[in-house]
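Chain by chain, the residues run as shown.
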Amino acid sequence: MRDKVGNQKNNIINYITCPYCGKEHRAQARFCPATGKKLSPALKKNTPQSDFKTVTDLSKAPACPYCGHVFFAGRKPLFCNRCGNRLKLVEKENKKNEQLKNRCPYPDCKSVLVKAAVRYCPECNRKVRRCLACGSFNLPDSSDCFLCNAYLGEDPGDWLMFKGNPARTGNTPEKLRTPLKIKWTYPEKSLKERIFTSPIVYQGMVFFGSCDRHLHAVDQFNGKSIWKRPTGDKIISTPAIYRGVIFVASLDGNIYAQLTKNGKPLWVFSTEESSGKITAPLLACAQGVIAVTADGALYCIDSETGKKKWVTVLETTAGEAEYSSGGGAAFQQGMIFIGTNRGIFYAIEASSGKISWRVTGKKEDNPPFIATPAVVAKTCYTPDRSGNFYAFSLENGKDTWSHTVSLDGVVEGSPSVGFGKILVGTQSQYIAALNLHTGGEIWRKKNERIRLMDAVLSTPLITSDGLVFYGSNSGYIYCRLLESGEEVWKHKLDSPVTCCPAASCGFLYVTSTAGFLYAFIQEEYF
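J.: How would you sum up the overall build of the protein? Please name residues and give values.
T.: In terms of helices and strands, the protein carries one helix and 36 strands. For the protein, buried positions account for 55% of its 526 residues. Looking at the protein alone, contacts between residues at least 24 apart form 48% of all its contacts between residues at least 6 apart. If you sum the accessible surface of the protein, you get close to 23400 Å²; carbon and sulfur atoms cover 49% of it.

J.: An account of the pairing of strand 31 (residues 467–471) is requested, with residue identities and associated values reported.
T.: In terms of residue burial, strand 31 counts as a mostly covered element, since five of its five residues are buried. The alternating pattern of strand 31 places Leu 467, Phe 469 and Gly 471 on one face and Val 468 and Tyr 470 on the opposite face, and all of these are buried. Direction of pairing for strand 30 (residues 461–462) relative to strand 31: antiparallel, over a ladder of two bridges. Bridge pairing in strand 31 links Leu 461 to Phe 469. Hairpin connection of strand 30 to strand 31: four residues between the antiparallel strands, including Gly 466 at a positive phi of 80°. Alignment of strand 31 against strand 32 (residues 476–481), held across five bridges, turns out to be antiparallel. Residue Phe 469 lies in a different strand from strand 32, and its bridge partner there is Cys 479. Adjacent in sequence and paired antiparallel, strand 31 and strand 32 are bridged by four residues, among which Gly 475 carries a positive phi angle near 95°.

J.: So what's going on with the pairing of strand 33 (residues 487–492)? Residues and values would help.
T.: Direction of pairing for strand 32 relative to strand 33: antiparallel, over a ladder of five bridges. Along strand 33, the bridge assignment pairs Cys 479 with Trp 489.

J.: Lay out the pattern of salt bridges in plain terms, naming residues and giving numbers.
T.: By the definition in use, this model includes eight salt bridges. Salt bridges linked by common partners bring Glu 315, Arg 342 and Arg 358 together as one network.

J.: A description of the state of the cysteines should follow, citing residues and the corresponding values.
T.: In a disulfide, the sulfur atoms of two cysteines are covalently bonded to one another. Taken as a whole and assessed by the stated rule, the structure comprises zero disulfides. Of all cysteine sulfurs, the one in Cys 285 lies closest to Cys 300, which takes part in no disulfide; the gap is 7.0 Å.

J.: Pulling in residues and values, what's your account of the sheet that holds strand 17 (residues 308–313)?
T.: The four strands are arranged 14-15-16-17 in an open sheet whose pairing can be described as antiparallel. Across the chains shown, the open sheet's two edge strands, defined by having one partner strand only, are strand 14 (283–285) and strand 17. Neighbour-to-neighbour, the strand axes of the sheet open up by a mean angle of 15°, direction not taken into account. Where strand 15 (residues 288–292) lies against strand 16 (residues 297–301), four bridges are found, and the strand directions are antiparallel. Residue pairing for strand 16: Val 292 is matched across the bridge by Leu 298.

J.: Residues and numbers for the nonpolar core, please.
T.: With 80 residues, the main nonpolar core has Phe 207, Ile 255, Leu 298, Ile 336, Phe 469 and Leu 508 as its most contacted residues. The element contributing the most residues to this core is strand 36 (residues 516–522), with six residues. Apart from the residues within four sequence positions on either side, Leu 508 is in contact with Leu 176, Leu 180, Leu 461, Phe 469, Ile 477, Pro 501, Ala 502, Tyr 518, Ala 519 and Phe 520.

J.: Lay out the environment of Gly 296 with the relevant residues and their values.
T.: As for its position among the elements, Gly 296 is in the loop between strand 15 and strand 16. Each C-alpha atom of the pair Gly 296 and Glu 315 lies 5.9 Å from the other, and the pair is 19 residues apart in sequence.

J.: Tell me about the sheet that holds strand 6 (residues 200–202), and please be specific about residues and values.
T.: In any sheet, the strands associate via hydrogen bonds between backbone groups, in a parallel or an antiparallel arrangement. A sheet is described by the order of its strands in space; here four strands give the open sequence 6-7-8-9, paired in antiparallel fashion. Looking at which strands have only one partner, the edges of the open sheet turn out to be strand 6 and strand 9 (225–230). Pairwise comparison of adjacent strand axes, ignoring direction, gives a mean angle of 20° for this sheet.

J.: Explain the packing of aromatic side chains residue by residue, including any values.
T.: Inspection of the entire model under this criterion finds 22 aromatic pairs. Ring plane angle 45° and centroid distance 6.1 Å describe the contact between Trp 184 and Tyr 509, whose orientation is recorded as tilted. Linking Trp 184 in strand 5 (residues 180–186) with Tyr 509 in strand 35 (residues 507–512), this pair joins segments that are 325 residues apart in sequence. Across the pair, Tyr 509 and Trp 184 agree in class, each one buried. Ring pairing ties together the aromatic residues Phe 337, Phe 345, Trp 357, Phe 369, Tyr 390 and Phe 392, which thus form one cluster. Over the ring of Tyr 476 we find Lys 490; its NZ or CZ atom is 5.1 Å from the centre of that ring. Cation over ring: Lys 492 sits above Tyr 476, and NZ or CZ is 5.8 Å from the ring centre.

Rules behind the numbers
- Residues numbered from 1 in each chain as written.
- Predicted model: local features only at pLDDT ≥ 70, side-chain atom pairs only at ≥ 80, totals over all residues.
- Heavy atoms only, no water.
- Helix = DSSP H or I, 4+ residues; strand = E, 2+ residues; numbered from the N terminus.
- Buried < 20%, exposed > 50% of the residue type's maximum accessible area, 1.4 Å probe, protein only.
- Contact = heavy atoms within 4.5 Å.
- Areas by Shrake-Rupley, 256 points an atom, 1.4 Å probe, with all protein chains shown as cover.
- Pairing = 2+ DSSP bridges.
- Salt bridge = Lys/Arg side-chain N within 4 Å of Asp/Glu carboxyl O.
- Disulfide = S-S within 2.5 Å.
- Axes fitted to C-alpha atoms, helices over the stretch in contact; angles between N-to-C directions.
- Core = buried A, V, L, I, M, F, W, Y, C linked by side-chain atoms within 4.5 Å.
- Phe/Tyr/Trp six-rings, centres within 6.5 Å; stacked < 30°, edge-to-face > 60°.
- Lys NZ or Arg CZ within 6 Å of the ring centre and 35° of its normal.

Written out as structure tokens, the structure is:
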């Protein structure tokens, strides 16, 4: 008969004499708690005891971290007498791991990092990456955690592709305080070739492609060139990054995979069977690299091997114009969403390339879909070129808005979504904010005191502190309040801005068609 903690009543407990340490242990013990050696059943004998002190409070009794066995004697031995694992070694390892995971990963810095959201060491001011599994700090170029070997994922502050993420929402967790001032410009002299790609940011570097046929990697803090790699033709398509590899497409129909840290080539994929140029921005996710050619071939490519998974031919895809900034695909819930120049919008299974549903626009002439859609929850939002706006259900493609939503003017930019609003610019010189759930217009703001043809082809960037940044054909960068549309800051550049700006670490990055990359930062840091 036993009490609640498993000890025999009447203070009669079975013991054995250990042949290894010479001490007496409980008969239920499988291992010697002093040496960790296994006890043979043949050595067991019964010995009555009258002065055994039991522990009735389980919360105060020490326990084995491996098997949970409670040591009722009130003290923790060197080894667990149930599973045989060494106990003090575990405590030392745990203590050492706690010290390691909170320490700056750079060998020449011994500062202790305690903030959960820290991204820079306060002592050496270098970037670190925090593991979401165990909380340890790692070097910025690490792909796996040094402590628990978990995949580190991507930094929330990184801007990995056009509009930031596979869902193409166009919003960022970064905060920017105006007024801003140019910190650096790359290069000091123009590339003498135009830039139509949007900048992307990853682990302290800014990437962009140019019509000079090169992919450029620039230090995000000082604007110095880190590396650049040539391709077979001009680069119009915005690159994409996944797990430390950057994918870029050029007008030669090839897709190049290179390591972000040094530009080392990994593989090249050719779209020879479609013979189409790639101008739409690439999409990279767990399913692979998604690319669409100007003649309507939608490819899914294995990101590790560069082999084709599947190809689906659409009816003349969007992005056919050589310098189109839209026309890319969005990804959500295992589906790919994309529109075409024929006025048809598709939902395609990412695993097989099978078309799940397709819908056409509301007008008889079927105006083309040339924007990259944005996906939020169970709805995909996209305008057509004539200004009609749609909210397609991901399940069946039905428009979830109860009435027709139409904007004045041609829409060639892509929408961004944040804080319950949809932001999109038009060629009629204004930017509009729509209600995410109803499509109703919240506000519409025109670029005042600017020349007549100041079209907004740029895709807006929405920050977490409620600011909207976008460019225009007159070369201005605008900042407005998301809530009211009030203009709070603007800056004049030397050429039209058609890109989607990117924000990271307090910087705002913008490319211009004149061949420059600009980095803006708060004036108080000068």
